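Next come the chains, spelled out residue by residue.
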Amino acid sequence: MPIIELKDVRKTFRSPQGLPVAAVDGISFSVERGETLGIIGESGSGKSTLGRLILRLSEADSGTILLEGEDVRALSKAQLRKRRRRWQIVFQEPFASLNPRLTIRQIVEEPLIVARTYGSRAERLRRVTETLEEVGLSQDFLNRRPANLSGGQQQRVGIARCLVTDPALVVLDEPTSSLDLTIRASILRMLSRLQAARGLTYVFVSHDIETVRHFCSRVAVMHRGRFVEIGSTHDVLSNPQQPYTKALMSAAMPPIPYNPGTQEVMA
Ligand code: ADP
Ligand code: MG
C-alpha cells in the first residue's frame, strides 16, 4: 500500500482581482514508503499548496487524499489532531516557523504535549534531548531561543520539532532554500541519514534542480497547478520529455559540485 495516494486533487484561490487561480489543478500520484518524491517547479506553480493539501493544513476543494490508507479529507478535527504526529512538515524559513519567545526545549517539546501520549515531563525531556542530538544539537541548546541561533541551527530545530513525535511522512517545503551552500549540503546529508535510520518518507518541494537531482529518487515537475511530468529523477532530468521541463532545466544554474563524502558541517 502506498503511504500517499492522491486522486484528482484540486484547490482554487481567488486573486486580489477576484479571478480564480487554480493552484492545484487535478493532481494524482502515489508515493511508496521510504521514498523521496521531489516536486519541482517555478515560484507560484502550486508546490507549497500541494504540500499543505497532502497534510490537510489547507482544505482541498475536491479529490481524494489517502495517507497510510486513511482518507484524510474525511477525518474529523479530533482524529486529524491524533494523526498529526505521523504526518509532519518542515518549512523554508526556520526562524519564521519557530516561536521566538520559547526556548528550544519548549519548541521541540510542544508537539509531544499536544499529542498527549508522551508521559511525564522527564520522559518528554529525554525525548527532546535525544532528538536534538539526532539533528546535531547538544544539550547546551535546550535553554536558548531561536534568535540566538544561526540559520542552519534554526532549521535543525525545525527538523527536531517535526521528528520528535516519530512521524512516518515528512513534507519538506524548500527546507534548505534560505541557507547558504555549505550549510545546505550539510542539512541535506543529515536529512538523508535520518531518513535511512527512521525509514521516513519525504515529499521534497524545491525550485532547485541540483538539490532534487541528488536528494530525490523520483521527481514530479509542476507547472500551473499540474504535474507536467513525473518519473525517476534520472529519467526526468537526463531525458526530459516535456518542453516545460526542458525550459526549466535550461533556465537552471550550472550544476553545483556536490560532495557527499564531506562531513556534516555544523553552522
Ligand atoms: P509555490 O509554492 O510553487 O511557489 P504556491 O502554492 O505558494 O506556489 O502558490 C500557487 C498559486 O496559488 C500562486 O498563484 C499563489 O499566489 C496562489 N496562492 C497560494 N496560497 C494562496 C492563498 N492563501 N490565497 C490566495 N492565493 C494563494
Ligand atoms: Mg512555495
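Residue numbering note: each chain is counted from 1, following its sequence as written. Chain letters and ligand numbers both follow the written order, the letters beginning at A and the numbers at 1. This being a predicted model, a pLDDT of at least 70 is required before a residue's local features are given, and a value of 80 or more before pairs of side-chain atoms are given or counted; all residues contribute to the totals for chains, interfaces and linings. Computation of side-chain values covers all heavy atoms of the structure but excludes hydrogens and water.

**Looking at the overall build of the protein chain**
Formally: Helix and strand definitions here come from DSSP, where helices need a minimum of 4 consecutive H or I residues and strands a minimum of 2 consecutive E residues; each element is numbered from the N-terminal end. C-alpha atoms define the radius of gyration in this analysis, and the globule rule sets the expected value at 2.2 Å times the number of residues to the power 0.38. Note on definitions: a residue-residue contact is assigned when non-hydrogen atoms from the two residues lie within 4.5 Å. Note that accessible areas follow from Shrake-Rupley with a 1.4 Å probe, and for residues the cover is restricted to the protein chains shown. As used throughout, the charge tally considers Lys and Arg to be positive and Asp and Glu to be negative, leaving His and the chain termini uncounted. Working definition for charges: the position is that of NZ of Lys, CZ of Arg, CG of Asp or CD of Glu.
In terms of regular secondary structure, the protein chain is built from 10 helices and 10 strands. The C-alpha radius of gyration computed for the protein chain amounts to 19 Å, which stays within 12% of the reference 18 Å derived for 267 residues, consistent with globular compactness. When the backbone C-alpha atoms are referred to their principal axes, the protein chain occupies close to 55 × 45 × 40 Å. Expressed as a percentage of contacts within the protein chain between residues at least 6 apart in sequence, the contacts between residues at least 24 apart total 67%. Accessible area for the protein chain stands at about 12800 Å²; split by element, carbon and sulfur atoms hold 50% of it. Of the side-chain charges in the protein chain, 36 are positive and 28 negative, and the distance between the mean point of each set is 6 Å.

**What about the UniProt feature "domain: ABC transporter" (unreviewed entry) in the protein chain?**
Defined as follows: UniProt positions are given in the numbering used here, feature names are shortened, and annotations may be inferred rather than shown by experiment.
Taking the numbering used here, the UniProt-annotated feature "domain: ABC transporter" (unreviewed entry) corresponds to residues 4-249. Between the C-alpha atoms that bound residues 4-249 the distance is 27 Å, and the span itself is 39% helix and 26% strand.

**Digging into the sheet that holds strand β1 (residues 4-14)**
Basically, it comes down to this: For two strands to count as paired, DSSP must find a minimum of two bridges between them.
Read across the open sheet, the four strands follow the order β2-β1-β4-β5; overall the sheet is antiparallel. Whereas interior strands pair on both sides, the edge strands pair on one side only; in this sheet they are β2 (20-31) and β5 (70-71). Bridge count between β1 and strand β4 (residues 62-67): five bridges; the pairing is antiparallel. Note on β4: the bridge partner recorded for E5 is L66.

**Some remarks on the packing of helix α6 (residues 151-163) against helix α7 (residues 181-198)**
Two quantities define a packed helix pair, namely the angle between the axes and the distance from one axis to the other. We count it as follows: Angular values range over 0 to 180 degrees, each being the angle between N-to-C directions of two axes fitted as lines to C-alpha atoms, with helices fitted over their stretch in contact. Oblique is the label for any angle not under 35 degrees, not over 145, and not in the 65 to 115 range, which are roughly parallel, roughly antiparallel and roughly perpendicular in turn. Left-handed describes a crossing in which the near helix is turned anticlockwise from the far one by less than a right angle; the clockwise case is right-handed.
Contact geometry for α6 and α7: axes closest at 11 Å, N-to-C directions at 15 degrees. Viewed along their axes, α6 and α7 adopt a mutual orientation that is roughly parallel. In this structure, α6 meets α7 at a crossing whose hand is right-handed. Here G152, Q155, R156, I159 and L163 of α6 come into contact with α7, specifically with I183, S186, I187, M190, L191, L194 and R198.

**Let's talk about helix α5 (residues 121-134)**
Filter applied, for reference: Multiplying one less than the number of residues by 1.5 Å gives the expected span of a helix. Here the term buried applies to any residue with accessible area under 20% of the maximum for its type, exposed to any over 50%, and partly exposed to those in between, with areas from a 1.4 Å probe on protein chains only.
The terminal C-alpha atoms of α5, which comprises 14 residues, lie 20 Å apart, in line with the 20 Å expected from a rise of 1.5 Å per residue. The set of residues buried in α5 consists of R124, R127, V128, T129, T131 and L132. In this structure, the buried residues of α5 make contact with α4 (104-115) and α6. Directly after α5, the chain includes G136, whose backbone phi takes a positive value near 85 degrees.

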